[in-house]
Structures are given as structure tokens and as C-alpha cells.
Amino acid sequence: MIIKSERVSLKHLLTVEALTDQEVMGLIRRGQEFKRGAKWTPAKNQYFATNLFFENSTRTHKSFEVAEKKLGINVIEFDESMSSVQKGETLYDTVLTMSAIGVDVAVIRHGDENYYDELIQSRTIQCSIINGGDGSGQHPTQCLLDLLTIYEEFGSFENLKVAIVGDITHSRVAKSNMQMLKRLGAKVYFSGPETWYDKSFEVYGHYLPLDELVEEVDVMMLLRVQHERHDEHESFSKEEYHQQYGLTIERAAKMKEHAIIMHPAPVNRDVEIADSLVESYKSRIVTQMSNGVFVRMAILEAILEGKS
Amino acid sequence: MIIKSERVSLKHLLTVEALTDQEVMGLIRRGQEFKRGAKWTPAKNQYFATNLFFENSTRTHKSFEVAEKKLGINVIEFDESMSSVQKGETLYDTVLTMSAIGVDVAVIRHGDENYYDELIQSRTIQCSIINGGDGSGQHPTQCLLDLLTIYEEFGSFENLKVAIVGDITHSRVAKSNMQMLKRLGAKVYFSGPETWYDKSFEVYGHYLPLDELVEEVDVMMLLRVQHERHDEHESFSKEEYHQQYGLTIERAAKMKEHAIIMHPAPVNRDVEIADSLVESYKSRIVTQMSNGVFVRMAILEAILEGKS
Amino acid sequence: MIIKSERVSLKHLLTVEALTDQEVMGLIRRGQEFKRGAKWTPAKNQYFATNLFFENSTRTHKSFEVAEKKLGINVIEFDESMSSVQKGETLYDTVLTMSAIGVDVAVIRHGDENYYDELIQSRTIQCSIINGGDGSGQHPTQCLLDLLTIYEEFGSFENLKVAIVGDITHSRVAKSNMQMLKRLGAKVYFSGPETWYDKSFEVYGHYLPLDELVEEVDVMMLLRVQHERHDEHESFSKEEYHQQYGLTIERAAKMKEHAIIMHPAPVNRDVEIADSLVESYKSRIVTQMSNGVFVRMAILEAILEGKS
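Residues numbered from 1 in each chain as written. Chains lettered and ligands numbered in written order. Predicted model: local features only at pLDDT ≥ 70, side-chain atom pairs only at ≥ 80, totals over all residues. Heavy atoms only, no water.

Residue and element names in this part refer to chain A. Assigned domains of chain A: these are domain 1 (21–138 + 290–307) and domain 2 (140–286). Computed over C-alpha atoms only, the centres of domain 1 and domain 2 are separated by 27 Å. On the side of domain 2, 23 residues touch domain 1, which itself brings 26 residues to the contact. Counting across the domain 1 and domain 2 interface gives two salt bridges. (Domains from an automatic or database assignment. Contact = heavy atoms within 4.5 Å. Salt bridge = Lys/Arg side-chain N within 4 Å of Asp/Glu carboxyl O.)

Our focus in this paragraph is the relation of the copies chain B and chain C. When chain B is brought onto chain C, the operation consists of a screw motion whose angular component is 120° and whose axial shift is 0.0 Å, with 0.0 Å RMSD remaining. This pairing of chains is accounted for by a three-fold axis. Looking at chain B, a mere 4% of its interface residues are interface residues in chain C too, so the copies touch through different faces. (Least-squares fit on C-alpha atoms with pLDDT ≥ 70 in both.)

On to the packing of helix H1 (residues 21–35) of chain B against helix H5 (residues 140–154) of chain B, then. Helix-helix packing: each pair is described by the crossing angle between the helix axes and the interaxial distance. Residues and elements named next belong to chain B. The interhelical angle for the contact between H1 and H5, taken along N-to-C directions, is 70°, at an axis separation of 10 Å. As far as their axial angle goes, H5 and H1 are roughly perpendicular. For the pair formed by H1 and H5, the contact residues are Val24, Met25, Leu27, Ile28, Arg29, Gln32 and Lys35 on the first element and Leu144, Leu147, Leu148, Tyr151 and Glu152 on the second. For the contact of H1 with H5, the class distribution of residues is eight nonpolar, one polar and three charged. (Axes fitted to C-alpha atoms, helices over the stretch in contact; angles between N-to-C directions. Helix = DSSP H or I, 4+ residues; strand = E, 2+ residues; numbered from the N terminus. Parallel < 35°, antiparallel > 145°, perpendicular 65-115°, else oblique. Nonpolar A, V, L, I, M, F, W, Y, C, P; charged D, E, K, R; others polar.)

As a further point, take the relation of the copies chain C and chain A. Relating one copy of the chain to the other requires a rotation about an axis plus a shift along that axis. Superposing chain C onto chain A takes a rotation of 120° combined with a translation of 0.0 Å along the rotation axis, leaving an RMSD of 0.0 Å. A different interface surface on each copy is seen, since only 4% of the contact residues of chain C are contact residues in chain A too.

Here we take up the pairing of strand S1 (residues 48–53) of chain A. A regular strand places its side chains so that they alternate between the two faces of the sheet. Residues and elements named next belong to chain A. Of all six residues making up S1, six are buried, and the element is well covered by its neighbours. Residues of S1 alternate between two faces, with Phe48, Thr50 and Leu52 on one and Ala49, Asn51 and Phe53 on the opposite face, all of them buried. Here S1 pairs with strand S2 (residues 74–76) via three bridges, running parallel. Opposite Phe48, over in S2, you have Asn74 as the bridge partner. One crossover worth recording links S1 to the parallel S2 by way of helix H2 (residues 59–70), and it is right-handed. Two elements, S1 and strand S3 (residues 105–110), share five bridges in a ladder whose sense is parallel. The partner of Phe53 across the bridge, within S3, is Arg109. (Buried < 20%, exposed > 50% of the residue type's maximum accessible area, 1.4 Å probe, protein only. Pairing = 2+ DSSP bridges. Right-handed = clockwise from strand over helix to strand, strands pointing away.)

Next up on the list: the sheet that holds strand S3 (residues 105–110) of chain C. All names here are of chain C. Pairing is parallel in the open sheet, where four strands are placed in the order S2-S1-S3-S4. This sheet does not close on itself; its edge strands, each paired only once, are strand S2 (74–76) and strand S4 (128–134). Here the average twist between neighbouring strands, direction ignored, is 20°.

Moving on, we come to the pattern of salt bridges. Opposite charge on two side chains lets them pair, provided their charged atoms get close. Following the criterion strictly, the structure yields 45 salt bridges over all chains and no others. Across the pair Lys35 of chain B and Glu152 of chain B runs a salt bridge, and its minimum N-O distance is 2.8 Å. Of the two residues, Lys35 of chain B sits in helix H1 while Glu152 of chain B sits in helix H5, which places them 117 residues apart along the sequence. Here Lys35 of chain B falls in the partly exposed class, since its relative accessible area comes to 32%. A salt bridge links Glu65 of chain C to Lys69 of chain C; the nearest nitrogen and oxygen atoms lie 3.1 Å apart. On the criterion of helical spacing, the pair formed by Glu65 of chain C and Lys69 of chain C is a turn pair, its members being four residues apart in helix H2 (residues 59–70). Looking at Lys69 of chain C, the relative accessible area reads 19%, which means it is buried. Look at the salt bridges and you will find they share partners, linking Arg7, Arg30, Glu33 and Glu301 of chain A into a network.

What follows is about the interface of chain B and chain C. Reports of interface size often rely on the accessible area that becomes lost once the parts have come together. In this assembly, 27 residues from chain B lie in contact with 25 residues from chain C. When chain B packs against chain C, the two sides together hide about 2300 Å² of surface, and 53% of this comes from carbon and sulfur. When the buried area of chain B at its contact with chain C is split by residue, Met82, Lys87 and Ile101 of chain B rank highest and sum to 30% of it. Where chain B packs against chain C, one counts two salt bridges. In this structure, Glu89 of chain B and Arg59 of chain C form a salt bridge, with 2.5 Å as the shortest nitrogen-oxygen distance. (Buried area = accessible area lost by both parts, 1.4 Å probe.)

All names here are of chain C. Pairing is parallel across the open sheet formed by five strands, whose spatial order is S7-S6-S5-S8-S9. The open sheet has two edge strands, strand S7 (205–207) and strand S9 (260–262), and neither has a second partner. The sheet shows a mean angle of 20° between the axes of neighbouring strands, direction not considered. With five bridges joining them, strand S5 (residues 161–165) and strand S6 (residues 187–191) adopt parallel strand pairing.

Right, dumping it as C-alpha cells:
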């Protein structure tokens, strides 16, 4: 697959699936350029972004903020608990306000799936929307940073073996990753608790026992146990989960020499992965966080270029 | 009335009534210039502003932040819930601290009427105060953005007919608007629930039934029902309020061709105004929000020029 | 004691005791230069700082923010209540994230004493740490701004008589101040409630009755009664405390002509000090706040210079 790295232009970024392969590769390659120190030459003198996070976040929220400030974009902070949302103002009217006061792009994380539909259909809201996570729906920038991290490591997705392990049904990013990885030529496998696995994933890859998978794959992509999205009776003890479905030190020792460990974080240490592996030489967990900044710079540029 | 647009210089902005007509018109015209792209050439290299909001706000707080950043002013954010206010520190000592660490101008919204009196009388506090709303008292920047929006539309206030409709007694901005509009030559009318109307308003204009007013006026200025400032037994059902005192689609259809709809927002959709009218061609509600940025730039400039 | 004012270079700033006398004097003198308008010429194009405050603060938090912005450093704001800390993420992983996304220096206030040990031992965390207060442990930047304020006033520490009065056992800064003042040549005395005085302080100076001390010393350094760190039965009534251990108007009248009053603030007015003395001509309480910005600029410069 030969893909030209033409500059991508986007109105919004809502789902990663809506991007063409060319756009995905364009954003990944531009992310690599930003990582190597490329500068953005903005067409306008001043741009304004806002980060509307209605759910807790450190990584996504703060790496967007770093990306915005690296590009020289003015950032308007938003604190739901001190906003007019407390007087009953809706998400729509909050974004309308931000648009009216001159915000060019709003990064939004919100608990409602597809919250963005009414925003992008508005005639009045002028600002672009970047989806920073919609409930159990999509998290496109996490998917793109994962893809950048894999591409940077292996130089291609063709025939790469990628295991997605853990709380797949509740993971926004797992669903995007399985689709995009398959589209880009990788072979996807699944493992983890069978109650968190769904037959619908069969289109993208097969379920295999973890101890079998661990010796075979190039990428072990672990998912966070999202305690905050679970019923109580779904939960395992930490020790149980780690022994049955976690990347223990023993399992990691069986991985291929060149294979890497990924996790979107925050990590539950000694649950999905043994504490000492998080910062080990096979781990790309810290690299993923760094790459998040660069791929978000590429996305912001792709959106703001169109606004000049 | 011929008024020169000389550049305004202010120490503080506490109430709009304290401004001369020349100052009001100067700020409005400078707001228009900023809207057309005028730049500020600051005398000092770096200015610092802080926005101390002790009450919920999106529009006022965030449009001040945009205005500050458009002017290149450094913004020091303040989160009451993580500040020393939690250790019992007073507003006075909080502002004294901000002044001591180099803040040039503090925008303050606080629940206490006339909170600013002790601040401006201090020998020690050096920073200028912009009143972003004091309880049920004043909200001068909202008044100025309303005036800018009307002036921009009609080019003059002389003999304009303006209706102020709704929760007048609890509205900081209604009281300023009625005074300033009369001073600048407009004719003011009132409507809405009679329990929210006070005889003292008679100095500025007359109360008329809404269905009579709607056909006559150039500006329908609707006020927000401030549920958060009411006793329970004062309240209407949303439907009742909308039918009796709201701008329904039927009433809007009887407005003059050139007449406009205004509302300080956040709007209670289908209460003060029918949902579909908020973003209709007669509405200037979104324009008001945009104009808020430009008039606040004019105010900040008028204050900071004096500090160079 | 002749000390050269060579430029200081630091990896972290965790305790003031770990600094050499030369480093202390270098930071104080550089703080004075910044106060007189000196500029920093950064080696890199963009630096990033974050302020991670897990305890309430206005002065320390905001004066770091002003210092950072005066130096042109990009500031990444952090709100614990909307961060992944709410999902159980540890301080370690929060700082690791900030480091991974490109933060050069993290200013941290946290309730745990020595919270920084595991951070500076990490192979993965690249960012420098400035201790903004660790529980009842250290608060080095407060100590340095106190030293700057005294040095600015008297030009030397040699044989200066400094009284530290009040809640000494619970005060992070009192412990640092007594050690550093003695090291730099000053004579330290203590006063206040005997239950808040510890025999271990004898190494640094003697306890004397307040009415005796007040006539003798050059500096009256009052400490905040930290209600939030006390058991109930430790507390005095405000009036009792003020009469017995506070700087009353009567006591202040007995101070030497050139003597100054200091307090780290927030002040409990009419408890540690009479209300009207806070902003009196003997008081350096507002100056301390201003100096906090300049000494923090010196510290940030000393850290970031090493990162270029």
C-alpha cells in the first residue's frame, strides 16, 4: 500500500473510521514530523481552542493543551463546575457560546454517545469539533496515537500481529483500533475475560487464550479495566484479574524479542500489567503519551488550516 | 447628540451609570473598531489580568478571557474551590494577593452587592477592578454589549423603542439598561409578570401588555428567568410563563420587519423565547455574545492604557 | 561572609536546606535582579511548566503562575477534581504523564511529606520538581522569599535578630527559616504558645516571652494559626490568642523604629496580628507576596537553564 503524505484537511474529527486510509497515514506522518521538530506556520495571527471535558481526564485533556500551546493557539479553559451548565445550560448552548466568542475549535469529552451530532448540524455553531471521547463510543485521537506508535516502531501495519486484551466491550479505543488495524493490513487477536468479549468482534479477529497469544504477537495492547463503567458483580479481584488476564512478568518473558507492550493508561498497576513492566524496555506506554501530543498537533493543524 | 469618539481612560469599571455619555459612546465605538480588526498597541511589554468568578458563568467569564488573550494580556486563572478562600481568606485579601503578585486588572463576579467598595478604597490594592456582576446589583459589561448591539443595528438610540420583558426585579442588567437607554435617547417599555415589576421603574418607562408591545417596538429585550435567585412560590410552570410572558412564535410573527430580539443568555429555551427563535434571523442573541468580546476589549484597553 | 553571585543551576528544588549558602544568595540576588526588571533569555524556544496543587493555595500557586508567565513559559493547568486522580491514578503516574507530554518542570504541593522521593528516583520521569509544600514538611520557596525580603531590607543577615512567633510545630516554613537564618548568621528567637514549641528548636535559638522579644528584634516573623491542621482541643479563642501571642497594636508600638513585620499569609486578621497592622508601614507582608514572584522566577530560571 503506497500512500502519499499529502497534507490532510479536516472540518471536524469525530470518528477515526470516517477518515480515509490516506488521511490516517497523512496524520501519522505529520505527527512524526512534529515529533522531529517541524513547525506550523499558521495563516491567521491568532487561533482559539477550548477543551470541554465533562469527564475526568489527565492524559487526553493535558496533551491537547500542550499540543495547542506548542502550535501557539490560545487556549480557553473550561470548568463545568463553575460554568452556566450549573444553571442548566445545555452542551449545545455551551458550544454555541464558545463559537460566538471566537473559539475556532472545541475539543470535547462527554458521557453521551454521539453528543456531537447536534453540534455539527447547527447552522450557527461555527467552530470545529474534535471528539475527545463520547461515552462508550469513540476516542479517535487515542486510536491515532496508538497507530502512530505502532507505525513508528515497525514502519508498516502489513501482517503485524496485534493482540487487544481486556475490557474490550467498554473500551472506546479498542473498537476503533480493531477496525483501523484491520483496514491498514494488520492481523488482530483478542483475549481477556469472555464476558467482556462480543461475537461482533469476530469480523476483525479471533479470540485466543492469553498464554497462546503472548508468544505470537508483535504488539500486546492491554486495555484499562474501567471500574467506573462497570456493575459491581462484573468485577474481579485485582489478583485474580492479573493472574488470569494480566500481563504478568512470566507472560512478558515469553513475548518475542522485538514485541512491544501498549496500554492507553491510566494503568491499574499489577492488574492489567505487572508494575515493573510499565516502564520496562518493551513498554511503549510512555511513548504513547508523548506521541499523543504530536498526533494531536497534526489534527489541530489539519482543522485550522481549513479555517484560515 | 454629537459625541466625539475620543479614547476613553478608566481606573475601574464598577457601574455603567458612572460613565459619561461620551465614555459610553467611546467604548461602543472602540468595540466596533476591535470587531473590524483593530489592534491594541500596549505601552508595557506584559500585562496581567485575573478573572475571579465566585458565581457560575460561561459567557461573561469566557468572553473576558478571549478579550484578554486577543489583547495579548497574560491571564491568571482562579479556582475558588482550590484557593485559600477555603481557609477563610476574604475577597479583600484575595484581591490584595493578586495585586501584590503583579496583576494589573481583576475582573470580579461576586454574590455580594457593592463588593467592590472596600477594594477600591484600599491604599494597598493597586489593580483595577472590572465588575463582572455583583449579586442583584450591577453588570456593566453586559449593559455595554447590549448597547453596542443596538447601536450597531440602528446607528443611533434616538427615539428607538425598546421593550424589557420578564424578570426585571432580579436582573442586574435590566436596571442598567433602562437607565442608559433613556439617557441615550431611547424610549423604554416594560412587560412580564407584574410581581417582577416595580413602581420605581416608572421613571424610565411604562408597563404595557406584551401583546400590545410586540407590534410596536424596535427591540424586544427578553430577560432570563433566574430560577437560582427565586423563592419557590414565585415560580411559574415553563408552559405558563411561555404562553403569558414569553416570545412565542405567534408573537414574534407580529414584530416589525426590522425589529430585533435580544436576550443576555443563557436562554431558557421555550420559556422566555421559543426554541426556534433563538437562532432566527431576527435574533441578535449570538451577536450579543460576539459583541461581548469586543466591548470588553475596549474596556480592558481603556483601563490598561492608564497603567502604562 | 563574601559570596559570589554566580548563576545558580538546579535539577530540582525540594528543600532549602539542601542548597549551599552560595546557591541561596545567588537565588536571592537573581530575585532582586528580576525585581529590577531583568529579563531571561531562554535557550529553548518553548518551555512547559505545570502547577500540581493538591492542597488549597492562592499565593504560592498564583505567584508561580505569574513567575512562569513573566518568563514566557507555557503553563499547563491541572485540576485534580477533573483529572484521572479521580479514577485512582497516583501522583507518580500523574507526574509521569506530565513528563511524557513534554512538561519541563512541575511545581507540586501535596499533603504527603517527602512525596517527591519516588519522583526524583524515577528513571522515566524527566521533568524537574519544585516543592511547593509537602504536608508539614518543607516549603522552600516561601523560605527563599522570606530571606529575600529580609536581605532586601537589611542588606545582610549577620547578627540580625529575628523572632519566629506562633504555630511553629505545624509550620513548614518556620523550620526552614530557623535553620537558614542561623546558617546565614542571624540570631533566632521563638515565642508563642508553649504547646506549639518543641525542645528540638533550641539548636537554632531560644524561647522568650513575647513582650520581651518585641522590643529587641529587627524582624517579627508571625506564623499563621493553621486551623486546618489542628485538633479541636489545641485551639484558642481568637481574642485569647491575639492578646497572649498576637502582635497587638500595643506590642507593635514597642518595636524598634527600623524593625519590620512579616507573615507568610493568609493572615488571620486580629489573631496573629492586629487588622490595621497588616498594611502598616512596618509591615512587609505585601512585599513578601511580591517578592515571591521574583524569587520563583530565579528558581525557574536556575532549573530551566540546565535543561537547554
